[in-house]
Amino acid sequence: MTVVELRALKLRIKPNFKPVNWRLITEAIFGNLMLVLTLLSSLLVVVIGLLLFQKCLPILETHSWAELLFSSSWFPLKGDFGFSPFILGTTWVTAIAAIIAVPTSLLTAIFLTEYSKKKMRTLMNPLLDLLAGIPSIVYGMWGVLIVVPSIKAFAATVFKISISGYSVLAAGIVLAVMIFPAIISVTLQVLTGVPVELRHASLALGATQWQTIKKVVLRKALPGVIAASILGVTRAFGETMAVLMVAGNVARAPHSVFDPAYPLPALIANNYGEMLSIPLYDSALLLGALILFLVVLFFNGLARLVLIRIEKRGF
Amino acid sequence: MKRFDLRNAEEFFFKSLMLTTTVLVACCALFIVGVITQKGLSSLSFEMLTQTPKGGFYLGKEGGILNAIVGSLLLAGGATAIALSISIPIAIYLNVYTKKNSWLAHLTRTSLDVMCGIPSIVYGAFGFTLMLTLGLRTSLLAGMITVACLILPILCRGIDESLRMTPKEMIHASYSLGATRSETALKVVLRQGFPGLLSAVLMAFGRGIGDSASVLFTAGFSDAVPTSLSQPVATLPLAIFFQLGTPFPEVRSRAYASAFVLTVMILFISLLARLLVRKLHRHVIK
Amino acid sequence: MQPPKPESRTHIQTKNLSVYYKNTLALNNISVEIPDRAITAIIGPSGCGKSTLLRSFNRMIDTFDETTVRGSVLVDGEDIFSSKVDVTRIRKKMGLLSQRPSPLPMSIFENVAYGPKIHGMRNRQQLEVLVQKNLQIAGLWDEVKDRLNESAASLSIGQQQRLCLARGLAVEPEIILADEPTSALDPISTRHIEGKLHELKDRYTIVIVTHLLRQARRLADYVVFMYLGELIECGPAAQVFEHPKEQRTQDHIKGVIS
C-alpha cells in the first residue's frame, strides 16, 4: 500500500464527526444577507426616482411638459403651474455661484498642491473641514447678517439704486462659499494623482512652474478638474435653506443680479405647509423635487463616471 | 540682461492670484465662524440651553431651545443608528465578499456616490411621500428614516473607504488560519478599519444634526421633548429658521445664539472624530 | 516528466496541476510529491510560479481574482479542490508564513489566540496555556511575556514574523507553508526564523519558497526547482545541488540564470 492509500485509510477509520457545521451555515446566511442589502442600497436611487415620479403623475396627466417647464404663470389656486420663473431663478443663482466658486476653488487647489509649503496645507485643511461642516442654515444666517446688507449698501453707493439686498447676487455669494470645500477637496485629489515625474520632466526642460502647471498638470488633470467643478456646482443647484433665506423669493424671473429670485428648492421648502390643502399643489411641488433629482442625477452621474475612469487609468 | 521677463511676470501674476484666493477662502471660514461667535455669544444664556420654550417664546417671552437640542441629538442619533446597521454589512460585502472587478461593487459604489450629491430637499420630498405611503405622520420616526436615507450614502462610502485600506495580506493571514470570510470580516477587517469607521459615523452624525431641508416635511416641530417615536420633534436648524423668521429682535438674537450652539456642536463632533481616530490607532497595523 | 519519488511518506501531492491567472499560464502541468516531516524548498528565479504552487497547497489561490485551476492537489490523499471540501478545515491544517509578517490588528495575545478561538476554543485558561506554549516554540515568549496585551504593531518586524509563526502553530497544523519568510527581515531575525524551522521539521511538514539558494542549501532536505511555471527537477537536496540532472538546474545553481 502506498502512503497515500494509508492516509486515506486512516481518514476512513477515524472519521471526523461533525454533526452540523454552524460556522459554514452562519457564513452562508451572512453572505446572502449582505448581498441583499447591497443590492437594495444600489437600487435606492431608482426607488427615490420612481416614488417621486408616481406622485407627480396627477399633474403630468393634466398639464403638458411644455406648459410646466416654460410657462411663467404660477397660480396654484387657479391650477396654473408654470415652473419657468423658478427654473430661471435656480439657473441664475447657480450660475453666479459657479462663476465665483469655480475659478477661486481651482486656483486655491492649485496653489495648495503646487506652490504652498506643508505648513500652509496643514493650516488650510481644518479650515476647509470647517467650511464643509458648517450647516446650511448657519450659512443662510451669515448671508442675512452680512452679505445682504453689504449688497444693499454696495448697490446704493455704486449704482445709486435702492434694493433690499435679498437678491440673486446674495444667494450666489453664499452658495459659492458653501461649495468652496467641495470643489477644492476633489480637485486636490485629482491634482495629487498627477505623477511627480511629469512635473519634473517639464521643469527639467526649463519651464517655469506656472508653465508646467498650465501645459502639463492641468492638461493631464482637465477631465478630473471639470468633474470636480460639476460636483460642486450641482451641490449649489440643490441647496435649499441658505438660498431660501437670502434669495428674496419673488416668483418672477430675475433680469439682473440685484433682482430677487425664487429658486426651485426654496419654492418646495417654503410651501410645504399648504401643500396638501390645494389640489395638485403637492403633485406640483414634488415635480419640482423630481426635476432637481433628475438634473443632479444626470450631472453627478456624468462627473462620477469621469472620476472613475481617471481612477482606473491612474493617469 | 534678464531674458524671460514675460514668463516670470506671468509666473508672478498667477502665483499672487492663487495666494489671494487661498487667503480669501481661509478668511471666509474664519469670518463666518467669527460672525456666528460674536453674534451668538452675546445673546447666549444658561436658561436657553436648559429650558424648553414657554408660552410666547416666539414672541420674545421666556424659554429655551432644549427641545431642539435634544430633538436634534435624538433624530440624528437614531438616523445614524439606522444607517449604520445597513452600512456596515454593505461595506463588508463590498470589501470582503466581492471580487476585485465585480460589477456589483462598481454599481453600488457609483450609485452611493451619486446619492451623496442628491440635495437634501429631495430626500425631504422622498421622505414625505414615503411617510404618506407608509401612513405615518410627521414624527421623530419619519424624520429618522428620512435623515437615515440622507446620510446612508455618506456613511456607507466612508466605512467602505476605511475598510478598503485593510492590507490584502492581513485578510489572507486570517484565511490561512482557517477563518471563514464572515469571521475575517468581523474580527479582522472591522477591527483594522475601526478608527476610520468611527470617524465616518461621527461625520454622518454631524451631517444629520446640521441638515434642515430634509426634516422640514417629516419631523414636524414641537415645543416639548418627544417621549415616543411617533411624536413630532423640534430640530436645532429649524428652530433657528423659525426664530429668524420673526420680526422681534429678542427672538432673532436667540436665533444667533442657537446657531452658535449648533456650530459648536458640529465642530466639537468633528474635533472628537479626529482625536478619537488618533487615540484608537493602537491596534491598527500600518 | 515523472519526478523521482522521494523515499519518505508523501504528505502533499499535486497531479497535473495547472494554474492560469486570467489567460497567462502560471503553473504548467506540475506533478510533485512533498514528503512528510522534512523541509522541502521550492526554488527558482522570480516569476517562476513558486508562490503560486505554495498558494495552491492551502487553496489561498481561491482568493485571487480570475484564477483557473486544473488538475488536483491531494493532502493526506484528499483532493482539496473538490467542491465538497470545507476550505477552512484544509487551511487549519496548514500554517502560513508570508513574505512580510502580517500581524492582525489586535494584541499579541489575541493574535495567537485568534485561530483557536475561531475553531471553537473558549476556555480562557486553555487559551493562555496554548498561547504561552506556541510563543515559546516560536522563541518569542521571553521577549513578550510582560506585554501580551500590547498591540502586535508595537513589535519589531522580526518579532512580528515569529508572532505569525506562533499564530500559525496555534491552530495545530500538520504543515507549515513559508513564502520567502525572511525576505523582509534583518540577518539576525532571519537566523532566528531559520533556526526555528529547522527545529520544527521533526514534527511538521515544512514547505519553504525561497529565491536564496544558500537558504535552500542551509535548510532543505528536499528541493523542487521550477522555471517559467514548469517543474524542472526535484529530489533530495544533496542530489539536486551536487549532481543536478538538468542543464537549467545547473545553470541556476551556478548563477547563469536567475
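Residues numbered from 1 in each chain as written. Chains lettered and ligands numbered in written order. Predicted model: local features only at pLDDT ≥ 70, side-chain atom pairs only at ≥ 80, totals over all residues. Heavy atoms only, no water.

Q: What am I meant to see in the side chain of Thr98 of chain B here?
A: All names here are of chain B. As for its position among the elements, Thr98 is in the loop between helix H3 (66-97) and helix H4 (103-117). A polar contact of 2.7 Å, which involves the side chain of Thr98, links it to the backbone oxygen of Leu94. Sequence-distant contacts of Thr98, defined by excluding residues within four places in its chain, comprise Tyr93 and Ala105. (Helix = DSSP H or I, 4+ residues; strand = E, 2+ residues; numbered from the N terminus. Polar contact = N/O pair within 3.5 Å; in protein donor to acceptor, adjacent residues only side chain to side chain. Contact = heavy atoms within 4.5 Å.)

Q: It is not clear to me how the sheet that holds strand E6 (residues 94-97) of chain C should be interpreted in this structure. Could you clarify?
A: Within a sheet, neighbouring strands are paired by backbone hydrogen bonds and run either parallel or antiparallel to one another. Residues and elements named next belong to chain C. In space, the six strands of this open sheet follow the order E6-E7-E8-E3-E9-E10, with mixed pairing throughout. Single-partner strands in this sheet number two, and they are E6 and strand E10 (230-236). Mean inter-strand twist for the sheet, computed between neighbouring axes without regard to direction, equals 15°. Alignment of strand E3 (residues 39-43) against strand E8 (residues 205-209), held across four bridges, turns out to be parallel. If you follow Thr40 over to E8, its bridge partner there is Val207. Across the sheet, helix H7 (residues 187-200) is in contact with E3, strand E7 (175-179) and E8; its angle to E8 comes to roughly 150°. (Pairing = 2+ DSSP bridges. Axes fitted to C-alpha atoms, helices over the stretch in contact; angles between N-to-C directions.)

Q: Could you clarify how one ought to interpret the sheet that holds strand E5 (residues 78-79) of chain C in this entry?
A: Residues and elements named next belong to chain C. As summarised here, the arrangement of the four strands in space is E2-E1-E4-E5, forming an open sheet in which the pairing is antiparallel. Sheet topology places strand E2 (24-35) and E5 at the edges, where each strand pairs with a single neighbour. In the sheet, strand E1 (residues 10-21) pairs with E2 via eight bridges, with the strands oriented antiparallel. Bridge pairing links Thr14 to Val32 in E2.

Q: Just to check I follow, could you spell out the domain arrangement of chain B for this structure?
A: It is common to give the size of an interface as the accessible area lost on bringing the parts into contact. All names here are of chain B. By domain assignment, chain B separates into domain 1 (2-41) and domain 2 (50-283). Contact residues are listed per partner, giving five residues for domain 1 and five residues for domain 2. Roughly 470 Å² of surface becomes buried between domain 1 and domain 2 when both sides are summed, with 84% attributable to carbon and sulfur atoms. One can count zero salt bridges joining domain 1 with domain 2. Applying the counting rule to domain 1 against domain 2 returns zero residue pairs in polar contact (both at pLDDT 80 or more). (Domains from an automatic or database assignment. Buried area = accessible area lost by both parts, 1.4 Å probe. Salt bridge = Lys/Arg side-chain N within 4 Å of Asp/Glu carboxyl O.)

Q: Help me out: how do you make sense of the packing of helix H12 (residues 281-313) of chain A against H4 of chain B in this one?
A: Packed helices, taken two at a time, are described by the angle their axes make and the gap between the axes. Two elements in contact, H12 of chain A and H4 of chain B, have axes separated by 9 Å at closest approach and are oriented at 130°. Between H12 of chain A and H4 of chain B, the angle falls in the class oblique. In the crossing of H12 of chain A with H4 of chain B, the sense of the turn from one axis to the other is right-handed. Facing H12 of chain A, whose interface residues are Val296, Leu297, Asn300, Gly301, Arg304, Ile308 and Lys312 of chain A, H4 of chain B presents His106, Thr110, Asp113, Val114 and Gly117 of chain B. In terms of residue class, the contact of H12 of chain A with H4 of chain B is built from four nonpolar, five polar and three charged. (Parallel < 35°, antiparallel > 145°, perpendicular 65-115°, else oblique. Left-handed = near helix turned anticlockwise from the far one by under 90°. Nonpolar A, V, L, I, M, F, W, Y, C, P; charged D, E, K, R; others polar.)

Q: Whenever I open this one, the environment of Gly95 of chain C confuses me. Can you help?
A: Residue and element names in this part refer to chain C. One can find Gly95 in strand E6. Taking the relative accessible area as the measure of exposure, Gly95 reaches 4% and is therefore buried. Remark: the alpha-carbon pair of Gly95 and His252, spanning 157 residues in sequence, is separated by 29 Å. If sequence neighbours within four positions are ignored, Gly95 has contacts with Gly168, Pro173, Ile175, Ile176 and Leu177. (Buried < 20%, exposed > 50% of the residue type's maximum accessible area, 1.4 Å probe, protein only.)

Q: Mind showing me how you'd approach the pattern of salt bridges here?
A: Once the charged atoms of two side chains with opposite charge are near each other, the side chains can pair. Taken as a whole, this structure holds 25 salt bridges over all chains when the rule is applied. We note a salt bridge from Glu27 of chain A to Arg181 of chain B, for which the minimum N-O separation is 3.4 Å. In this pair, Glu27 of chain A is assigned in helix H2 (residues 22-62) and Arg181 of chain B in helix H8 (residues 181-192), connecting two distinct chains. With a relative accessible area of 36%, Arg181 of chain B lands in the partly exposed category.

Q: Would you mind going over helix H9 (residues 194-210) of chain B with me for this structure?
A: Think of an α-helix as 3.6 residues a turn; residues three or four steps apart then line up on the same face. Residue and element names in this part refer to chain B. Helix length check: H9, at 17 residues, gives a terminal C-alpha distance of 24 Å against a target of 24 Å (1.5 Å per residue), a fit within 8%. With respect to burial, H9 is a largely interior element, 12 of its 17 residues being buried. Among the residues of H9, Pro195, Leu197, Leu198, Ala200, Val201, Leu202, Ala204, Phe205, Gly206, Gly208, Ile209 and Gly210 are the ones counted as buried. As for H9, its buried residues are in contact with H3, helix H6 (140-164), H8, helix H10 (236-244) and helix H11 (249-279). (Expected span 1.5 Å × (residues − 1).)

Q: Looking at this model, I keep getting lost on the interface of chain A and chain B. Mind explaining?
A: In this complex, chain A contributes 79 residues to the contact, which on the side of chain B involves 81 residues. Summed over both partners, the interface of chain A with chain B buries about 7,100 Å², with 79% contributed by carbon and sulfur atoms. Taken together, the connections running from chain A to chain B amount to five salt bridges. Linking Glu183 of chain B and Arg23 of chain A is a salt bridge whose minimum nitrogen-to-oxygen distance equals 2.8 Å. Here chain A is connected to chain B by 15 residue pairs in polar contact (both at pLDDT 80 or more). With 19 residues, the top contributor of residues to the side of chain A that touches chain B is H2 of chain A. Of the residues in the side of chain A that touches chain B, the class split is 54 nonpolar, 16 polar and nine charged.

Q: Can you help me understand the nonpolar core in this one?
A: Nonpolar side chains in soluble globular proteins tend to end up buried together. Among the nonpolar cores identified, the biggest contains 184 residues, and Leu52, Phe83, Tyr139, Met141 and Leu287 of chain A are the most heavily contacted of them. Broken down by element, this core gets its largest block of residues, 17 residues, from helix H7 (residues 168-192) of chain A. Per-domain counts for this core show at least three residues from each of domain 1 (2-41) and domain 2 (50-283) of chain B. Once residues within four sequence positions are removed from consideration, Phe83 of chain A is found in contact with Leu68, Leu69, Ser71, Trp74, Leu264, Leu267, Ala284, Leu287 and Gly288 of chain A. Phe109, Ala170, Leu197 and Ala237 of chain C belong to the second-largest nonpolar core, a separate cluster that totals 45 residues. (Core = buried A, V, L, I, M, F, W, Y, C linked by side-chain atoms within 4.5 Å.)

Q: Can you help me understand the interface of chain C and chain B in this one?
A: Listed as interface residues are 29 residues of chain C and, on the opposing side, 24 residues of chain B. Taken together, the links from chain C to chain B amount to zero salt bridges. Inspection of the chain C/chain B interface yields four residue pairs in polar contact (both at pLDDT 80 or more). Only helix H2 (87-92), E6, helix H3 (108-118) and helix H6 (157-169) of chain C provide two or more residues apiece to the side of chain C that touches chain B. Ranked by residue count, the leading element in the side of chain C that touches chain B is H2 of chain C, at three residues.

Q: I keep staring at the environment of Ala79 of chain B and nothing clicks. Help me out?
A: Residues and elements named next belong to chain B. Mapped onto the fold, Ala79 is located in helix H3. Distance from Ala79 to Met115, taken between C-alpha atoms, is 16 Å for residues 36 residues apart in sequence. Look past the residues within four positions of Ala79 in its chain and what remains in contact with it is Met144, Val147, Ala148 and Ile151.

Q: Where do I start with a nonpolar patch on the surface in this structure?
A: A contiguous nonpolar patch, built from Leu43, Val46, Val47 and Leu50 of chain A and spanning about 340 Å² of accessible area, is present on the exposed surface. Relative to the elements of secondary structure, Leu43 of chain A occurs in helix H2. (Patch = residues over 30% accessible without salt bridge, like charges linked within 9 Å, V, L, I, M, F, W, Y side chains within 5 Å. Areas by Shrake-Rupley, 256 points an atom, 1.4 Å probe, with all protein chains shown as cover.)

Q: Explain the confidence of the model for chain C to me, please; I cannot follow it from the model alone.
A: Regions with low pLDDT should not have their predicted coordinates read in detail. All names here are of chain C. Across chain C, the average pLDDT comes to 88, with 96% of residues at or above 70. The secondary structure element of chain C with the lowest average pLDDT is helix H10 (residues 247-254), at 86, and the one with the highest is E8, at 94. Long-range and interchain partners of residues 1-6, a stretch whose pLDDT sits below 50, account for 10 contacts in this model, where long-range means more than four residues apart. (pLDDT = per-residue confidence, 0-100.)

Q: Any chance you could explain the side chain of Ser102 of chain B here in plain terms?
A: All names here are of chain B. Tracing the sequence through the fold places Ser102 in the loop between H3 and H4. We classify Ser102 as buried; its relative accessible area is 15%. Polar contacts involving the side chain of Ser102 include one to the main-chain amide nitrogen of Leu104, which spans 3.2 Å.

Q: When you look at the pairing of E10 of chain C in this model, what are you seeing that I'm missing?
A: Successive side chains on a regular strand alternate, one facing one side of the sheet and the next facing the other. Residue and element names in this part refer to chain C. With respect to burial, E10 is a largely interior element, five of its seven residues being buried. By the bridge criterion, six bridges tie strand E9 (residues 222-227) to E10 in an arrangement that is antiparallel. Bridge assignment links Tyr222 to a residue of E10, and that residue is Pro236. Connecting E9 to the antiparallel partner E10 that follows it, the hairpin turn spans two residues, and Leu228 within it adopts a positive phi of roughly 50°.

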